[in-house]
Structures are given as structure tokens and as C-alpha cells.
Amino acid sequence: MPYKMIDLFAGCGGLEDGFLQSGRYEDIAAVEWLRPQADTLIRRLKTRWNISDAEERVMCFDIQREQELFQGWNDTAKQPQAQVLPDGKKSRYKTGPYGSGRGLDYFVKQADGIDIIIGGPPCQAYSVAGRVKDGNGMRNDYRNYLFEHYLSVVNRYRPKAFIFENVPGMLSAIPDGTPITELIRKGFEGIGYEIVDDLRTYAKIDASDYGVPQHRERLILLGIDRRLVKEPQKLLHDFYTSILPQYKTEHKKTVKEAIGDLPPAYPVIEGSRPGKRITFTKPECDTTWHVARRHSLRDIEIYRMLAEDIESGQKKYTNSKALSELYEERVGAKSPIHRYHVLRRDEPSTTIISHLDRDGNRFIHYDPRQSRCITPREAARLQSFDDDFDFVGTQTDTYIMIGNAVPPALARCIGLAAAEVLDRL
């Protein structure tokens, strides 16, 4: 029998899709606050996994409103709402509440209990890059403590195990003087669950080891109900050193292997209007979201020069100093970090991030003739999404949800390994 699963902070469903691909799990419910992500997950569950009542199972709802999340709510919205930030401002993100209004209690009762809870709170508050950009180092960001609501769901439904995913920056996050990892550890210990004793040594995983064409380090926390096993640490160590590693691939997939067969998109410079962004040819293919964004002529010229520099073997612009100088020369502004990076065709990609929604300077296609950043579909492939995984929303929405997702290929391996642990409990 498949293990029954709840997905929290589900995003567009990368983690859940991988778990379902393993064949060891059954979807019971998912919770996600952003509307395009929730709509995308609903579409995937219906079209790929034949879950006809996905609109009910996927709850577009604020996990901080715990009692309503558990017992149900009435303020379902027909129109998307703007997310209200802690400072009272409205963001551009479209949010819930949205859905049937049935709470998690209903679905858990229908399923006669839950075996595993998966998911991970938004990583922005824990990421090193986010803390550098924020004037207060993200210390005042409410997302630091969203894990408390994950903990509440675990405590209410008492699964045998959970998978908690986040960025390695969580290891150094100290928003209130106490390391966030210690708060998480003590929180789960307080409700009877145990995670591995040394997160830095055991829990850091690189997705490129598991069939994802991308270097992407993540923390994968497996938690188990200590009542179900005599020596929980022994089993946890075994998970990280023996069970999960057996799903590693011998060959690391490259950028070219991932996206090289997609038809090219070339800049249409002839006939373009001065000062206007340049469009690109539209590739003839059945794959959705393989459409290049517009770029300025200046950026196109820079992208071509940098890609040619790599392809020719000259490599004059492969260090941070040279790239920063190029940025200052061409853009007329200084930057503390270099702004450009060409994806290497014969290596895994650098980490795909949601910042792709704003610019693609660090995700330049390796083909100098195309002179552009990667398309949403190329980003999705580098995240190991199948081509039949469609995304609902604008191009901006799509870049964001792809960049924030757990790669399904990695998730599948984690799901298979977690199932082996569940088999022992």
C-alpha cells in the first residue's frame, strides 16, 4: 500500500511530483499560499496523476491561520488577492484563500491517518544572499518562523516521519540570537520527533548527484517519530550514509544534455526600433514555455561576447574581477558582485533561482548565436521538470515557481529513500 502524504509549502509541486514518481506515495492534501503555484499543482495532479478532486485537495491558504487550516474556512475568494507583507504593503504575488474551504482534518479523516509530511518553508529568510541584501539581515522577516506551523501540523497528525527541505543557509541563520537549526531541532524534539544529530555533516545534499543537471545544494531533514524505533540516530545516519546515496547517478547530467535538443531562439535585430527591447524567434515545438524573453540590444551584445569568449577558449571573462569591470564599462554602474555568467554546456548548471524573473544575466545560454538568457522551459529542464509539466501564470510567475521548486528528480530519490525508512518503522 502506498504511504499517505501531506505536502506543506507545496509551491508548484516539485517535491510532491518526485514523491509521486517513486510510486510509493498517495497524495492526501497539499497547502500552498500563492495562487499561480497552487493552480499549477492542481493542473499537474489532474493531468499527470489523474486526481480528479485536486481542486479540493490543494488548499491555497495561509498556513499561519492554523485553526482554519485544520478545521475549514469560509472566506474563499473567486479573484486572486495581493499578498500583504508584514510592513502593510502589498506585493505583486497573487494569493489565497482559495479552494473548497475544507480543512486538513477532513482529508486526514478521510484517509484514516497520515504516514509522512513533506515540504519546506520559504527559503528567503534563511538564504545567505537574502540576508546580505536585507538591511536587517532578515532578522525581522516573519518567514524565519514559518517552520513553527509546519511543526504544528506534524504534531496534530502524528505521521511516522517527515521530510523538511531548505537551503544550506539555514545552518548559519540566527535571527534572534539562537541558531534557527537549534530552534527547529528543539521544536521537533518537544513533540517526540528526532532529526540527525549533525546537520552540517549529514543533511547537505547536492542535486547534481541525483540526476539533476544542476549544482544545487539543499538541506534535507528526515524526522522520525522516536516512539517507533529503538535507536533513531542509527536509522537516521543510515538514511544519509547508505539508503539515500544508493540512488546517486554515476554520471552528472550536463546543461547541453538537458536543453541541447530544444530548438533555438535567435534575436530579431533587423527592423527593431531603437531603444526598444529585442524580440526572439519563436521555436516551433510542442513544448510549452520555450519562449525567450526580450532583451535590450546592449545585453544581447554582452551575452554574445561572453558566450563567444567561452566557446573560443579565450576565457577573458571567467573571473569575477573581469566580469565586474565589464559590467561597470557597459552599464555605467558599479556592482559588489559580478552580474554575468554563461552556463557551461558540458557541466551541470549553476543553481537556478527565482531571481530569473527579474533578469537572466547569470543564466546566459551557452550558444553565442542565441545571445539570450534561458527560457522558462530550459530553466524547468535544468530543474528536472518533465516537459509535460505545465505552469499556470505569467512568465514572471513561472520563473519564480521554477526557481523556488525542489527538483523532481531529486525528490524522487528522496521519496524512494524515505519509503525504505518507513518500511522499517
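Residues numbered from 1 in each chain as written. Predicted model: local features only at pLDDT ≥ 70, side-chain atom pairs only at ≥ 80, totals over all residues. Heavy atoms only, no water.

Here's the deal with the pairing of strand β6 (residues 116-119)
- Side chains Ile 116 and Ile 118 of β6 all project onto a buried face; the interleaved residues Ile 117 and Gly 119 project onto the opposite face, where all are buried too.
- Bridging between strand β1 (residues 3-8) and β6 involves four bridges; their strand directions are parallel. Following the sheet pairing, Asp 7 is matched in β6 by Ile 118.
- The pairing of β6 with strand β7 (residues 161-166) spans four bridges and is classified as parallel. Among the inter-strand pairings, Gly 119 is bridged to a residue of β7, identified as Phe 164. (Buried < 20%, exposed > 50% of the residue type's maximum accessible area, 1.4 Å probe, protein only. Helix = DSSP H or I, 4+ residues; strand = E, 2+ residues; numbered from the N terminus. Pairing = 2+ DSSP bridges.)

Comments concerning the nonpolar core
- If you look at the biggest cluster of nonpolar residues, it comprises 85 residues, and the most contacted ones within it are Phe 19, Leu 104 and Phe 188.
- Among the elements that line this core, the one with the most residues is helix α16 (residues 408-424), at nine residues.
- The next biggest cluster of nonpolar side chains, apart from the first, holds 22 residues, and it includes Leu 343, Leu 356, Leu 382 and Phe 385. (Core = buried A, V, L, I, M, F, W, Y, C linked by side-chain atoms within 4.5 Å.)

Observations regarding helix α15 (residues 395-404)
- By the criterion of burial, α15 is predominantly enclosed, with seven of the ten residues buried.
- Listed as buried for α15 are Asp 397, Thr 398, Tyr 399, Ile 400, Met 401, Ile 402 and Gly 403.
- Summarising the contacts, the buried residues of α15 are in contact with α2 (35-47), β5 (90-95) and α14 (376-382). (Contact = heavy atoms within 4.5 Å.)

Some details on the confidence of the model for the protein
- Per-residue pLDDT for the protein averages 91, and the proportion of residues at 70 or more is 93%.
- Within the model, pLDDT remains below 50 along residues 126-140, and this stretch shows 29 contacts once partners closer than five positions in the same chain are excluded. (pLDDT = per-residue confidence, 0-100.)

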